[in-house]
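Chain residues, written in single-letter form:
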Amino acid sequence: LPARYGAGEKSVWVEYIQLAAEYKPAVNLGQGFPDYHAPDHVLKALSKAALSENPLANQYTRGFGHPKLVQSIGKLYSPLISRDLDPQNEILITVGAYEALYSAILGYVDEGDEVIVIEPFFDCYDFMIKCAGGVPRFIPLKQKKTSGTITSADWVLDEKELAGLFNSKTKMIIVNTPHNPLGKVFTMEELTFIANLCKKHNVLCLSDEVYEWMVYEPKKHIRMATLPDMWERTITVGSAGKTFSVTGWKIGWAYANPKLMRNLQVVHQNCVYTCCTPIQEAISEALEYELARRDTSDYYMKSLAREIQPKRDFLIKALTENGFNPTIPEAGYFVVADWTKLADKIDLSKESDQYKDYRFTKKFAKEVGVLTIPPSAFYSKEHKHLGENYARFCFIKKDENLALTEKLLKEWN
Ligand code: PMP
Ligand code: GLN
């Protein structure tokens, strides 16, 4: 394996999806996906697209994005970023948000360039930066409160530490808001601080906003690209899988000003070249359907958060009542919970993993029947200890599966 790929360890996803198949846990709250159907109109749009009488409906489409889809995405975001997005030149459709991240990182990061990454981080950032020959520079969010009710807003950046990471080699900072796994929604003050550093040091911001629609009242998502002079230096990433609860469709996008998009297009055209035509057609249809009811309470981009907030609250209560200390997420569909008060209930000595959270989550899946994700996977090697006391639970699951989780926790306690 070429050295840039490291030792080629299995990612936490590969390992834990395999575990789900092996252990057959009663509930799978691991990888982030809904265990129930997406809206009917979204699914019907795909069958309609595939069965279309247009003989080209299932053939290659435009490489940088199906013409109808880039139009719909332009319509979706233009009012949200207060500028007319040019669908031809400012939007790229990709294989999930993953490929948008990949095209942005591989398109910009050169040998020796530094990229600032906020921990915990979505695990592939680290790999992609190294794959490009870059050097990730990590800064952990710190929990400023450890007792009482803790929310994701209690996890904060040390401003001095962040400012100290910027230097002449810094090419990019990756900001994930709303944040996976904590559910933190970065505030205007926090984003402004980051934006000012980007401007001062001429640094790009890669803004991963795949959880943009799942924000719980009264919080509001703020798009980095809307901050003063940040349109010039921000690449924003979104995901149809997250937007419409169809993670298996693996379509995502990046949008930015045309000068920034060129490098992403070069990587994309030589890597996947073009994405699945009928799925792009279906997402376009689904977006048009939603945009037509944008001002109503049924608008999915608003109703989704309303629909899943009770699931969050149910899981938080079940975890709190059964010995966990959860961080209440302001957004997204994950809860990170401290399990250390339960340590004496579970014998971790027979699990061989190096990190305690891997040992805990494996034993917990086997003994209690609930599969979760070990958060140390979202930290650099030097900082993995910061994730070891936690487990990540996904709550975009059927109510009956959340109720079963509560029952299993009670029986175990
Ligand atoms: N970024 C973050 C923060 C994620 O949690 C995920 C997983 N959905 C992705 C990017 C990748 O999204 P996709 O499934 O669209 O590739
Ligand atoms: N984003 C999802 C999660 O964090 C899925 C991860 C993945 O597919 N790699 O669980």
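The coordinates are above.
Reading guide: rules and limits
- Along each chain, residues carry numbers from 1 onward, in the same order as the chain's sequence is written.
- Working convention: letters from A go to chains and numbers from 1 go to ligands, in the order in which they are written.
- For a predicted model such as this one, the threshold for reporting local features is a pLDDT of at least 70, and the threshold for listing and counting side-chain atom pairs is 80 or more; totals across whole chains, interfaces and linings nevertheless cover every residue.
- Strands are runs of DSSP state E lasting at least 2 residues, helices are runs of H or I lasting at least 4, and numbering of each runs from the N terminus.
- Contact between two residues is assigned when their C-beta atoms, built from the backbone, lie within 7 Å.
- By definition, a nonpolar core groups buried Ala, Val, Leu, Ile, Met, Phe, Trp, Tyr and Cys residues that connect through C-beta atoms lying within 7 Å of each other.
- Any residue whose C-beta has 12 or fewer other C-beta atoms within 10 Å is treated as exposed, any with 20 or more as buried, and any in between as partly exposed, C-beta atoms being built from the backbone.
- Angles shown run from 0 to 180 degrees and are taken between the N-to-C directions of axes, each axis being a line fitted to C-alpha atoms and, for helices, limited to the stretch in contact.
- In this scheme, roughly parallel covers angles under 35 degrees and roughly antiparallel covers those over 145, while 65 to 115 is roughly perpendicular and the rest are oblique.
- Classification used: nonpolar for Ala, Val, Leu, Ile, Met, Phe, Trp, Tyr, Cys and Pro, charged for Asp, Glu, Lys and Arg, polar for all others including Gly.
- DSSP-based pairing: two strands are paired if at least 2 bridges between them are found.

Turning our eyes to something else, we now look at the environment of Ile73. Residue placement: Ile73 occurs in helix H3 (residues 67-81). Once the C-alpha coordinates of Ile73 and Trp253 are considered, the two residues, 180 residues apart in sequence, prove to be 8.9 Å apart. Those residues within four positions of Ile73 in sequence are excluded, and the remaining contacts are Ile91 and Trp253.

With 118 residues, the main nonpolar core has Ile105 and Ala254 as its most contacted residues. By residue number, the principal contributor to this core is helix H4 (residues 96-108), which donates eight residues. Filtering out sequence-adjacent residues up to four positions away, Ala254 remains in contact with Leu92, Thr94, Ala100, Ser103, Ala104, Ile235, Thr236, Val237 and Leu264.

It is the contact of helix H11 (residues 300-321) with helix H13 (residues 399-412), at a shortest axis distance of 10 Å, that shows an interaxial angle of 5°. Compared by their axis directions, H11 and H13 come out roughly parallel. Along its contact with H11, which presents Lys311, Phe314, Leu315 and Ala318, the element H13 presents Leu402, Thr405, Glu406 and Leu409. In terms of residue class, the contact of H11 with H13 is built from five nonpolar, one polar and two charged.

The next thing to look at is the sheet that holds strand E2 (residues 91-94). Reading across the sheet, the seven strands line up as E2-E11-E10-E9-E8-E3-E4 and stay open at both edges, with mixed pairing between neighbours. Looking at the sheet topology across the chains shown, the edges are occupied by E2 and strand E4 (135-140). Adjacent strand axes in the sheet meet at a mean angle of 20°, parallel and antiparallel pairs treated alike. Strand direction decides the pairing type here: strand E3 (residues 114-119) and strand E8 (residues 170-176), joined by four bridges, are parallel. Among the inter-strand pairings, Val117 is bridged to a residue of E8, identified as Ile174. Strands E2, strand E10 (234-239) and strand E11 (252-255) of the sheet are contacted by helix H9 (residues 258-269), whose axis makes an angle of about 25° with E2.

Our next topic: the sheet that holds strand E6 (residues 150-151). The strands that make up a sheet pair up through hydrogen bonds in the backbone, lying either parallel or antiparallel. Taken together, four strands build an open sheet; the order of strands is E6-E12-E13-E15 and the sheet is mixed. One side of each edge strand has no neighbouring strand; the edge strands of this open sheet are E6 and strand E15 (390-394). Taken together, the five bridges between strand E13 (residues 334-338) and E15 define a ladder with antiparallel strand orientation. Bridge pairing in E15 places Ala337 opposite Ala391. Each of strand E12 (325-328), E13 and E15 touches H11; the most contacted strand, E13, lies at about 10° to it.

Geometric values such as these leave the question of function open.
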